[in-house]
Amino acid sequence: MIELIPAIDIINGQCVRLTKGDYQQKTVYSDSPAEVAKGFEQLGYKRLHVVDLDGAKSKHIVNDEVLRRITTETKLTVDFGGGIKTDEDIRKAFDAGAKMVTVGSIAVQQPELCFEWLDKYGAERIILGADVRHGKISINGWKEDSDEDLLPFLRKYIDAGIKNVLCTEISKDGTLAGPAIELYKEVMRVYPELHLIASGGVSSIDDIKALDVAGIPAVVFGKAIYEGRIDLRKLIKSPLS
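The structure displayed is predicted, hence computed values, not measured ones.

With that settled, consider the nonpolar core. Within the largest apolar cluster, 75 residues are counted, with the highest numbers of intra-cluster contacts made by Trp117, Leu154, Ile208 and Phe221. By residue number, the principal contributor to this core is helix 6 (residues 111–121), which donates 6 residues. In this view, Ile208 contacts Ile2, Leu4, Val202, Val219, Phe221, Ile230, Leu235 and Leu240; residues no more than four positions away in its chain are not counted. By size, the runner-up hydrophobic cluster in this structure holds 8 residues, among which are Ala7, Leu166, Ala218 and Val220.

Although it is not a glycine, Lys59 adopts a positive phi angle of roughly 70°. Secondary-structure assignment places Lys59 in the loop between helix 2 (53–58) and helix 3 (64–73). Relative accessible area serves as the criterion here: at 43%, Lys59 is assigned to the partly exposed category. The phi angle at His134 is positive, at roughly 55°, despite the residue not being glycine. In this fold, His134 is placed in the loop between strand 7 (126–133) and strand 8 (136–139). His134 sits in the exposed class, given a relative accessible area of 73%.

Turning our eyes to something else, we now look at the packing of aromatic side chains. All chains considered together, the criterion is met by 4 aromatic pairs. With a centroid separation of 5.1 Å and an interplanar angle of 55°, the aromatic rings of Phe115 and Tyr157 are classed as tilted. Of the two residues, Phe115 sits in helix 6 while Tyr157 sits in helix 7 (residues 150–159), which places them 42 residues apart along the sequence. Judged on exposure class, the residue Phe115 and its partner Tyr157 are both buried. An aromatic cluster is defined as three or more aromatic residues linked by ring pairs; in this entry it consists of Phe115, Phe153 and Tyr157. A cation over an aromatic ring shows up here: Lys57 above the ring of Tyr23, its NZ or CZ 4.7 Å from the ring centre. The ring of Phe94 carries the charged tip of Arg125 above its face, separated from the ring centre by 3.9 Å.

Within the span of helix 4 (residues 87–95), buried status applies to Asp89, Ile90, Ala93 and Phe94. Projected down its long axis, helix 4 shows its buried positions confined to an angular sector of 130°, all on one face. For helix 4, exposure combined with an orientation more than 90 degrees from the buried face picks out Glu88 and Asp95. Turning to helix 4, the residues buried within the fold contact helix 3, strand 5 (77–81), strand 6 (100–103), helix 6 and strand 7. Once helix 4 ends, the next one or two residues include Gly97, with phi positive near 105°.

For Thr74, the location among the structural elements is in the loop between helix 3 and strand 5. For Thr74, a relative accessible area of 7% translates into the label buried. From its side chain, Thr74 meets the backbone oxygen of Ile70 in a polar contact 2.8 Å long. Of the polar contacts made by the side chain of Thr74, one reaches the backbone nitrogen of Leu76; its length is 3.3 Å.

On to helix 6. What helix 6 keeps buried is the set Leu113, Cys114, Phe115, Trp117, Leu118 and Tyr121. For helix 6, the elements touching its buried residues are helix 4, strand 6, helix 5 (105–109), strand 7 and helix 7. The first or second residue beyond helix 6 is Gly122, which carries a positive phi of 95°.

Burial along strand 12 (residues 218–221) is two-sided: Ala218 and Val220 facing one way and Val219 and Phe221 facing the other are all buried. Here 4 bridges tie strand 1 (residues 3–11) to strand 12, and the two strands are oriented parallel to one another. Its bridge partner lying in strand 12, Pro6 is registered against Phe221. With 3 bridges connecting them, strand 11 (residues 195–199) and strand 12 associate as parallel partners. Directly across from Ala198, in strand 12, lies its bridge partner Val219. You can see the chain leave strand 11, run along helix 9 (residues 205–213) and come back into strand 12, and the turn it takes is right-handed.

Cut-offs and rules
Residues numbered from 1 in each chain as written. Predicted model: local features only at pLDDT ≥ 70, side-chain atom pairs only at ≥ 80, totals over all residues. Heavy atoms only, no water. Core = buried A, V, L, I, M, F, W, Y, C linked by side-chain atoms within 4.5 Å. Buried < 20%, exposed > 50% of the residue type's maximum accessible area, 1.4 Å probe, protein only. Helix = DSSP H or I, 4+ residues; strand = E, 2+ residues; numbered from the N terminus. Contact = heavy atoms within 4.5 Å. Phe/Tyr/Trp six-rings, centres within 6.5 Å; stacked < 30°, edge-to-face > 60°. Lys NZ or Arg CZ within 6 Å of the ring centre and 35° of its normal. Arc of directions from axis to C-beta. Polar contact = N/O pair within 3.5 Å; in protein donor to acceptor, adjacent residues only side chain to side chain. Pairing = 2+ DSSP bridges. Right-handed = clockwise from strand over helix to strand, strands pointing away.

Shown next, in the form of structure tokens:
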């Protein structure tokens, strides 16, 4: 069955969601991300995806203390992204309790540093963030599009040993308009060995079922939870098939 990964995005220490990565289209859902995380854990979820949106915008980790609260107050396996640009940033994330980190912009701008991190920390602790807009990898909190095309970008990192990829279709993110299933199917067709984590647009349990049927290994979802579109209790207790 597809791996289910709830998401918490953080701005100013609060749990928020953006629409299409636009910081001007922000909705605050909770003042305590740690309490939200504990709620997921109590329902039986094991994984959590945490994004430091302040960090992504500032180009360095900002909300590491919020991460620390989540990892000390729950037993969730947390992957953390947003603002990881330097050796200090990645150490800070791991020191705050992240089991894995997601690297995105830095993977475009300084691939050699990311290759060093793969060697140092191991492929099981590094997730490649591939945020896509108009077929190009987007960087710096989705404020810029790079010249990198998705599939060649993934090939470079697969050759370096990457196994986990978080792929977000930015035009879908936060829209509740359904995930980019055809994009994810194409990635899996070309790179069937990847542990691909789909992200963006999930609006219902039916969307997650469709990803499962398509053979996508994992899914991150957030806004559909906070908007009451997905019953987390029902999702984790009922088989998707």
